[in-house]
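Tertiary structure, described
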Amino acid sequence: MNIAARELTRAGCETIVLSGMRAVCDWRGVVHFPDLDLLVVSDLHLEKGSSHARRGRLIPPYDTAATLLRLASVVDDYAPKTIISLGDSFHDGEGAARLPEPFRDSLIGMMKGRDWFWVAGNHDPDAPDDLPGETVQELAVGGLVFRHEPSKGHAEGEVAGHLHPCARIVQRSRSVRRRCFASDGLRLVMPAFGAFTGSLNVLDRAYKGMFRNGAPTAYMIGTGRVYPIAGSLLRPG
Amino acid sequence: MRWFAERGWSPRAHQLDLLATAQQGNSVLLIAPTGAGKTLAGFLPALTDLAMRPKKRPGEAQRGVHTLYISPLKALAVDIERNLGKPVAEIGLPITMETRTGDTPQHKRARQKLSPPEILLTTPEQLALLIASPDAERFFSDLRYIVLDELHSLVTSKRGHLLSLGLARLRKFVPGLQAIGLSATVAEPDELRRWLVRQGTSPSPLWRGSTHSVGVGAEVESSSLPPRPSGDPPHKGEGNASMAELITVSGGAKPEITILDSEERVPWSGHSARYAIPDVYEAIRKHRTTLLFVNTRSQAELLFQELWRVNDDNLPIALHHGSLDVGQRRKVEKAMADNVLRAVVATSTLDLGIDWGDVDLVVHVGAPKGASRLAQRIGRANHRMDEPSKAILVPANRFEVLECRAALEANYLGAQDTPPLLEGALDVLAQHVLGCACGAPFRADELFDEVRGAAPYAGLDRDTFDRVVDFVATGGYALRSYERYARIRLTKDGTWRVSNPRIAQQYRLNVGTIIESPMLNVRYTRAKGKSGAGSAQSLALRGGPVLGKIEEYFVETLSIGDMFIFAGKVLRFEGIRENECYVSTGGGGNVLVPSYAGGKFPLSTYLADQVRGMLADPARWKALPEQVSDWLRMQQMKSILPKREDLLIETFPRGERHYMVAYPFEGRLAHQTLGMLLTRRLERAGARPLGFVATDYSLAIWALGDLGQMFKAKKPSLAELFDEDMLGDDLEAWLADSWLLKRTFRNCAVISGLIEKRFPGQEKNGRQVTVSADLIYDVLRSHEPDHILLKATRADAASGLLDVRRLAEMLSRIHGRIVHKMLDQISPLAVPVMLEIGREPVNGEANDTLLLEAADLIEEAMGSA
């Protein structure tokens, strides 16, 4: 991929700086660290559909396909040296074992020629069955630390997932709720990437004490663009 | 019967007719106005039969339920138990009668299963639950009668579909079961007569009649029906085999209806009818008890506020609507029955079927939207059918004056315009199939026959049925990866069985077809929340009494400190905690009125036609108030008035924009759909449309391009623009992304059992965990657009929120009858819809523009970084 095209795909992204590292929040729900040649994706929740089906809730079995298709497209665009999947990559412990063959192949294809880290999440604490890549609890790279669950209190340089942040604004008496990246300039909480993943408002008490000044800036994900919204404009619920 | 006569009971003629018809073994439909003793008539065959039935001998096996009474409201069932139980006890009939509703305690339900009452009073949902229990066949084995009250209101919804399937199942248990339907006057009694009895195997006219081969309706083209076997006899139109007997009681004294003739100026647009408040108040003063009906809950709140503002005599005026706390509503109902109130402002929810005391005046604020609806509302007030009811219609704007006039004339003619019935929904069928399996194993062939016996499903084809069964089993996905998780399985003996007892438990929690939008309790607090856009501050709020429930989506747009009207009070919003909305007493400032979804009925086709007829005929304007007929004469001078069957399109410039206003009179929903489709077409034609707004009567579209010149040059011509082919690809393309379809899908997904019902409280915390219907919709649409549930969703939207059927009828009606009038400026007739611009939100998706605005605020404040 040539340079011009790569610059183009970055349109609509927002760059923030964490511990001196540039982090490009991409509207497709991933973060790219150009200085580290690193792409981070969080909360893929692969095989969530079949996980529900096991309990008699027969939601469509197409979530893994949809999620991997979108992932492949950003991986192609950035062609990074390293990829971190920031936990809850599979919706449950047996998710990787249930992964249908074509999807396994496509995932392995994406991993080829680069370093791939599976950060352990609460849904998938163990290494995924029969898949390459290295499973870690957390990972420190270039002054940043990558872990699934955000640590309590302020944490400079931490990139985490787990909470599935979304934000809501009210403009002209209409309410708009979107997934978002949440950051106070010190730490970053990433949106969930999976096709069937829900979200939790950044003003929920689960985020209490995490951001300096209370509410974070929400980098809300729109169509083809990320919109940075100041914490003071955000609404709960 | 002598038995009753000896006890001093003198039945009315129709009651005896009904008894005689039932005693011949027939099912029967009784159509009668309120106050005719309908309910007693419905029970007469059962009471007679039970009175003559030999007493159960000791040692004889326990008998099952003899008569089932189904009401749309549990309150009504309770009322019947009280009202019927008393006379039955007084004349010494040893009949057991009990209710079974969602409120019935578990131990009582269990006891009812073991030792059923002779008469069971219940709701459609409870019937579905009973059918899904393993002992259903035994429980119903002695059933003789099923009495269906308020049938006209039940059959128009998915609840009616579920009930029709339940009725089919009961007929399978007890082939000789007789159904007795009780209904208000309807436009097509034959539809209800078919509904009550088992349908044959040929496609019913109902199914075919409601089929359109256009757009989303194409899903049910007749070609998709199975070819009829050659030896099949033609459909028997009047044969007793496919229709219940009919007994009609003509209306009592005709109501005296007038239209409020106010000295005040009738507004051009709007719905508040504020101008009429002094006149309405005067009317209340002059009568004993007045019932004031409005169309929506927001109108109810507003009218109540306005009346109290002028209530110098401190008359006891109360408020009653479905969102208020139940205790509060019961208090108002009791005060009304005790005749201590002078007036009640109410939405016409069904629970008004209950006794309202001595009402001597009904005021209907806003247009009634349908002639039958008006008759039913006025009828509700007066429970003595031989006295005329007195009613005043209060139009809120000028078009409503025409509409009220049309409704009034229709009322005297006895015209009926209840909507035609829809074919059975597939999501409801899916729920029923699972319910049947929870009760007992079924054979697909037999269940298919049984289901087609239900009128709404009489035209169902086998392929669709099989797909529904497949959906229930494994989700029905082309990717067959869920076989091992099947909810029901085909076993070796050829029957389908539930694969796991847990499935039956899940089913029981999710039964029913009523999906409410998420509501929050409105609770008083003394503490004040911090002003401004709420952040995650801890709300140290002390709870007080609950005022009622309010839609979550309204509360979500509030900031702490905002004032809004609810339960007749001005409240200050203090914050949300869990599923409660905290408020304190407010006052002053800019007060908001919550708007509620679903409260607005579209103008009926019949009334629309009447209004067009009135516009076209100046001789009829004499009946209108002078300011309204003046308005029409002005229109005649400055533009034209269309003929009854014509569609008038006006174009004119205004400011920097060019406007077109169309007057189809087909109701807001159909106009909205038309607006969406026309803007797409105008976009393609290079007219650069900017937006549109729709009312019940007309549609305005504005654009940068000169629309008038474009139509004149036939680029495009209006005939092309309004061609029926817009219901094909354009509709499909627009629908694909529409929020309307997402909302419809959500309901279908819950009813069909794909996702679970949400219960209060679990919502907030559950967001992270549950899979939202919107996400499922997106994934399903891109991976399997032909999935059965998407098919059900499109059919639903076409008949519901989009009103495609009506739009299709209109487009075919105006073929070659479009009249274009180019004007230099806005016409008198166009004023009402033009005033709505800016007032009504321009319809659209939750869009990025709003995000952009919010993001720009930061850039403005911070400068470019």
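Residues numbered from 1 in each chain as written. Chains lettered and ligands numbered in written order. Predicted model: local features only at pLDDT ≥ 70, side-chain atom pairs only at ≥ 80, totals over all residues. Heavy atoms only, no water.

A few words now on the nonpolar core. All names here are of chain B. Residues Leu429, Met660, Phe722 and Phe745 are the most contacted members of the largest nonpolar core, which totals 102 residues. The element that contributes the greatest number of residues to this core is helix α17 (residues 426-439), accounting for 9 residues. Two domains each donate at least three residues to this core, and these are domain 1 (1-54 + 61-224 + 237-251 + 426-514) and domain 4 (640-836). Those residues within four positions of methionine 660 in sequence are excluded, and the remaining contacts are Ile649, Glu650, Thr651, Leu678, Leu682, Leu699, Ala700, Ile701, Leu707, Phe711, Leu721 and Phe722. With 96 residues, the next largest nonpolar core counts Ala343, Ile378, Ala396 and Leu641 among its residues. (Core = buried A, V, L, I, M, F, W, Y, C linked by side-chain atoms within 4.5 Å. Buried < 20%, exposed > 50% of the residue type's maximum accessible area, 1.4 Å probe, protein only. Helix = DSSP H or I, 4+ residues; strand = E, 2+ residues; numbered from the N terminus. Domains from an automatic or database assignment. Contact = heavy atoms within 4.5 Å.)

Contacts between chain B and chain A engage 54 residues on the former and 55 residues on the latter. Here chain B meets chain A over a buried area of about 4600 Å², counting both sides, of which 59% is carbon and sulfur. Our count for the chain B to chain A interface comes out at 1 salt bridge. Arg57(A) is the salt-bridge partner of Glu756(B), the closest N and O atoms lying 2.9 Å from each other. Taken together, the links from chain B to chain A amount to 10 residue pairs in polar contact (both at pLDDT 80 or more). Looking at the side of chain B that touches chain A, the elements that each hand over two or more residues are α19 (462-474), α20 (501-510), α30 (773-783) and α34 (848-862) of chain B. Ranked by the residues each element gives to the side of chain B that touches chain A, the list is headed by α34(B), at 9 residues. (Buried area = accessible area lost by both parts, 1.4 Å probe. Salt bridge = Lys/Arg side-chain N within 4 Å of Asp/Glu carboxyl O. Polar contact = N/O pair within 3.5 Å; in protein donor to acceptor, adjacent residues only side chain to side chain.)

The strands that make up a sheet are held in pairs by hydrogen bonds between backbone atoms, and each pair lies either parallel or antiparallel. Residue and element names in this part refer to chain A. Read across the sheet, 7 strands follow the order β1-β2-β3-β4-β5-β6-β7 without closing on themselves; strand pairing throughout is mixed. Across the chains shown, the open sheet's two edge strands, defined by having one partner strand only, are β1 (14-18) and β7 (134-136). Pairwise comparison of adjacent strand axes, ignoring direction, gives a mean angle of 25 degrees for this sheet. Pairing of strand β2 (residues 21-25) with strand β3 (residues 31-33), which is carried by 2 bridges, proceeds in the antiparallel orientation. Counterpart to valine 24 in the pairing with β3 is histidine 32. On the sheet, helix α3 (residues 63-78) packs against β2, β3, β4 (38-41), β5 (82-85) and β6 (115-119) and is oriented at approximately 165 degrees with respect to β4. (Pairing = 2+ DSSP bridges. Axes fitted to C-alpha atoms, helices over the stretch in contact; angles between N-to-C directions.)

All names here are of chain B. Residues of strand β10 (residues 317-320) alternate between two faces, with Ile317 and Leu319 on one and Ala318 and His320 on the opposite face, all of them buried. Sheet topology places β10 next to strand β11 (residues 343-347); 4 bridges connect them, and they run parallel. From the neighbouring strand, alanine 318 faces β11, where its bridge partner is valine 344. Each parallel crossover has a hand, and for β10 linked through helix α14 (residues 326-337) to β11 it is right-handed. (Right-handed = clockwise from strand over helix to strand, strands pointing away.)

Moving on: the packing of helix α28 (residues 739-751) of chain B against α30(B). Residues and elements named next belong to chain B. Remark: α28 packs on α30, axes separated minimally by 9 Å, with the N-to-C direction vectors making an angle of 110 degrees. One way to sum up the angle between α28 and α30 is to call them roughly perpendicular. Facing α28, whose interface residues are Leu741, Lys742, Phe745 and Arg746, α30 presents Ala773, Asp774, Ile776, Tyr777, Asp778 and Leu780. (Parallel < 35°, antiparallel > 145°, perpendicular 65-115°, else oblique.)

Take the pairing of strand β1 (residues 28-31) of chain B next. All names here are of chain B. The side-chain alternation of β1 yields two buried faces, one formed by Val28 and Leu30 and the other by Leu29 and Ile31. Relative to strand β6 (residues 178-183), β1 runs parallel, the two being bridged by 4 bridges. Residue pairing across strands places leucine 30 opposite leucine 182, the latter belonging to β6. Of the pairings in the sheet, the one linking β1 to strand β7 (residues 245-248) comprises 4 bridges and is parallel in character. Looking at β7, one finds that leucine 29 is bridged to leucine 246.

Residue and element names in this part refer to chain B. Mapped onto the elements, serine 604 comes out in the loop between β21 (591-592) and α22 (605-616). Judged by relative accessible area, serine 604 falls into the buried class, the value being 10%. Contact partners of serine 604, with chain neighbours within four places excluded, come to Lys369, Gly370, Asp417 and Arg806.

Residue and element names in this part refer to chain A. Across all of its chains, the model carries 0 disulfides over all chains by this definition. In this model cysteine 25 remains outside any disulfide bridge; the closest cysteine sulfur is found in cysteine 13, 8.5 Å from its own. Among the residues examined, cysteine 25 registers a relative accessible area of 0% and is labelled buried. Cysteine 180 provides the cysteine sulfur closest to cysteine 166, a residue in no disulfide bond, and the two sulfurs are 6.5 Å apart. (Disulfide = S-S within 2.5 Å.)

This brings us to the packing of aromatic side chains. Here a ring pair, both rings aromatic, is described through the centre-centre distance and the interplanar angle of the planes. Scanning all chains against the criterion turns up 19 aromatic pairs over all chains. Ring geometry for Trp116(A) versus Trp118(A): centroids 5.5 Å apart, planes at 55 degrees, classification tilted. The residues Trp116(A) and Trp118(A) share a single accessibility class, namely buried. With 5.7 Å between their ring centres and 15 degrees between their planes, Phe652(B) and Tyr659(B) make a pair best called stacked. Of the two residues examined, Phe652(B) and Tyr659(B), each falls in the buried class. Following the ring pairs from residue to residue traces out a cluster consisting of Trp268(B), Phe399(B), Trp631(B), Phe665(B) and Tyr697(B). (Phe/Tyr/Trp six-rings, centres within 6.5 Å; stacked < 30°, edge-to-face > 60°.)

The next subject is the pattern of salt bridges. Residue and element names in this part refer to chain B. One pass over the structure, following the stated rule, counts 50 salt bridges over all chains. Where aspartate 135 meets lysine 113, a salt bridge forms, and the shortest distance between an N and an O atom there is 4.0 Å. Here the residue aspartate 135 occupies a position in the loop between α6 (124-131) and α7 (136-139), and lysine 113 occupies one in helix α5 (residues 106-114), the gap between them amounting to 22 residues. Look at aspartate 135 and you get partly exposed, because its relative accessible area is 23%. Across the pair glutamate 483 and arginine 480 runs a salt bridge whose closest N-O atoms are separated by 2.9 Å. Through salt bridges with shared partners, a single ionic network connects Asp609, Arg612, Arg644, Glu666, Arg806 and Arg813.

Now for the sheet that holds strand β5 (residues 145-148) of chain B. Residue and element names in this part refer to chain B. Strand order in the open sheet formed by 7 strands is β3-β4-β2-β5-β6-β1-β7, and the pairing between neighbours is parallel. With one partner strand each, in any of the chains shown, β3 (97-100) and β7 form the two edges of the open sheet. Shown here is a sheet whose adjacent strand axes are inclined to one another by a mean of 15 degrees, direction ignored. Pairing between β3 and strand β4 (residues 119-122): 4 bridges, direction parallel. From the neighbouring strand, methionine 97 faces β4, where its bridge partner is isoleucine 119. Contacts from helix α4 (residues 74-90) reach β2 (67-70), β3 and β4, with the element oriented near 175 degrees to β3. Sitting on the sheet, helix α10 (residues 189-196) is in contact with β1, β5, β6 and β7, with an inclination near 145 degrees to β1.

This paragraph deals with the packing of α17(B) against α28(B). All names here are of chain B. Interaxial distance between α17 and α28 falls to 8 Å at its minimum, and their mutual angle equals 15 degrees. Overall, the two elements α17 and α28 adopt an arrangement that is roughly parallel. Crossing hand, α17 versus α28: right-handed. On α28, the residues that touch Asp427, Val428 and Gln431 of α17 are Asn747, Cys748 and Ile751. (Left-handed = near helix turned anticlockwise from the far one by under 90°.)

All names here are of chain B. Between its first and last C-alpha atoms helix α3 (residues 38-52) spans 22 Å; for 15 residues at 1.5 Å apiece the expected length is 21 Å, and the two agree. Where α3 bends most, at leucine 44, the angle is about 40 degrees, and the proline proline 45 comes one to four residues later. Extensive coverage of α3 is indicated by the burial of 11 of its 15 residues. Taken as a whole, α3 has its buried residues at Lys38, Ala41, Gly42, Phe43, Leu44, Pro45, Ala46, Leu47, Thr48, Asp49 and Leu50. (Expected span 1.5 Å × (residues − 1). Bend = angle between axes of the 7 residues up to and from the residue.)

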